[in-house]
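Inside the fold
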Amino acid sequence: MSLNLPQRPRRNRKSAALRGFARETHLGPEHFVLPLFLHDKPENEAIGSMPGCFRLSQAGVLREVEAALKEGVTGFDLFPAIAETQKTSDGREAYNPAGLVPQVIRSLKREFPEALVITDVALDPYNSDGHDGLVKDGKILNDETVEILIMQALCHAEAGADVISPSDMMDGRIGAIRGGLDAQGFTDVSILSYCVKYASSFYNPFRDALASSPKFGDKKTYQMDPANVREALRELALDEDEGADIVMVKPALPFLDVLRVVRDSTALPVAAYQVSGEYAMLKAAALNGWLDERRTVMESLLGIRRAGADMIFTYYARQAARWLKEG
Ligand code: PBG
């Protein structure tokens, strides 16, 4: 039998050529930012809960960035694993000009000036309490933390960072950091705000990688409640007013609806972070033979783009760039 259907959407899917013309979303290596874990040791070290990811030595970072650039990945975000002995309750290692991050920024910008170097601004890797802010009597202090974040941002800017990326969720930090940078003449240094960052359970492998888990409690008094979306608009309005250049939604896959709302509510570029737990889930299923890694990773990244991300932070950046090249 034949149905009387003037409209048959399948006609636009009947060949690869037609599907090509009808495709609405495109993915390319220019959309990816590769997060890099650093440590101050001579060898790269595997990260147990993130197979395929490493804490990189200083030489290892240079090799990784060189290889990624050849594959078309142009953005890099730096996360340091700091020795327990260098962690203090005031997090002062965060703005040590001779620290690991400023050293790596300098060597990267010297060797690969074309690479976009993004740095994470938050105290958790440096703070003996494992929180993104200073702790007093079990409370995370806001304004006192922001003062230190300004010093950390300046330290990264002086070393040559292209983009400063505050991931701490303290109130008012974007404006304060913008003011601090401008006062020192760093008007060209961009701010990518972790604007809409949820108190998610998908960050655990990252905290393993940096040994940066909070020593007590959780991050719910500063990171957002996963139940909320209107609150994202409030954070967005504030960060836009305070001078953010790019805004991020994080994590990505469990928050695609939030990404769409943010995309539709701002003229700024929007970033999304496919976080460590998203990577670990895909990797674990792939290693068990339960999912086809290439297809599920590319479908996830495409979904994140379709939902509105201009920029995707992903541990799969290099692999995805290679897959795209293979076609
Ligand atoms: C720290 C920071 C975190 C991530 C990026 N910056 C962890 C946290 O907030 O606890 C998570 C990234 C990931 O899970 O891949 N400020």
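Residues numbered from 1 in each chain as written. Predicted model: local features only at pLDDT ≥ 70, side-chain atom pairs only at ≥ 80, totals over all residues. Heavy atoms only, no water.

**Points about the environment of Arg260**
For Arg260, the position within the fold is in helix 8 (residues 256-265). We classify Arg260 as partly exposed; its relative accessible area is 32%. Excluding its chain neighbours within four sequence positions, the residues that come into contact with Arg260 are Arg306, Ala307 and Gly308. Of the polar contacts made by the side chain of Arg260, one reaches the side chain of Asp264; its length is 2.9 Å. (Helix = DSSP H or I, 4+ residues; strand = E, 2+ residues; numbered from the N terminus. Buried < 20%, exposed > 50% of the residue type's maximum accessible area, 1.4 Å probe, protein only. Contact = heavy atoms within 4.5 Å. Polar contact = N/O pair within 3.5 Å; in protein donor to acceptor, adjacent residues only side chain to side chain.)

**Focus on the packing of aromatic side chains**
All told, the structure shown has 11 aromatic pairs when counted by the stated rule. Ring geometry for Phe37 versus Phe79: centroids 6.2 Å apart, planes at 40°, classification tilted. Residue Phe37 is located in strand 1 (residues 32-38), and its partner Phe79 is located in strand 4 (residues 75-80); the two are separated by 42 residues in the primary sequence. Classification of Phe79 as buried rests on a relative accessible area of 2%. With a centroid separation of 5.1 Å and an interplanar angle of 85°, the aromatic rings of Phe79 and Phe206 are classed as edge-to-face. Of the two residues, Phe79 sits in strand 4 while Phe206 sits in helix 6 (residues 204-210), which places them 127 residues apart along the sequence. (Phe/Tyr/Trp six-rings, centres within 6.5 Å; stacked < 30°, edge-to-face > 60°.)

**Some details on the site of the ligand**
Taken together, 18 residues lie near the ligand, and Lys197, Lys219, Lys250, Ser276 and Tyr315 sit nearest. In the environment of the ligand, an oxygen atom lies 2.7 Å from a nitrogen or oxygen atom belonging to the side chain of Arg207. Lys219 places a side-chain nitrogen or oxygen 2.7 Å from an oxygen atom of the ligand. For the ligand, whose unbound accessible area comes to 410 Å², protein coverage reaches 100%. In a pocket analysis with a 2 Å cut-off to the grid points, the ligand is assigned to the largest cavity. (Near = heavy atom within 4 Å. Areas by Shrake-Rupley, 256 points an atom, 1.4 Å probe, with all protein chains shown as cover. 1 Å grid on protein atoms, 1.4 Å probe; cavity = no way out; pocket = protein on both sides within 12 Å on 5 of 7 lines; lining within 4 Å. Sits in = over half its atoms within 2 Å of the grid points.)

**What about the pattern of salt bridges?**
Overall, the coordinates contain 21 salt bridges when judged by the stated rule. With its nearest N and O atoms 3.0 Å apart, the salt bridge here joins Arg322 to Glu71. With Arg322 in helix 11 (residues 317-326) and Glu71 in the loop between helix 2 (58-70) and strand 4, the pair connects residues that are 251 residues apart, well separated along the chain. By relative accessible area, which is 16% here, Glu71 ends up buried. The partner of Arg92 in a salt bridge is Asp90, with the nearest N and O atoms 3.3 Å apart. The exposure class of Arg92 is partly exposed, given its relative accessible area of 49%. The class for Asp90 is partly exposed, based on a relative accessible area of 30%. (Salt bridge = Lys/Arg side-chain N within 4 Å of Asp/Glu carboxyl O.)

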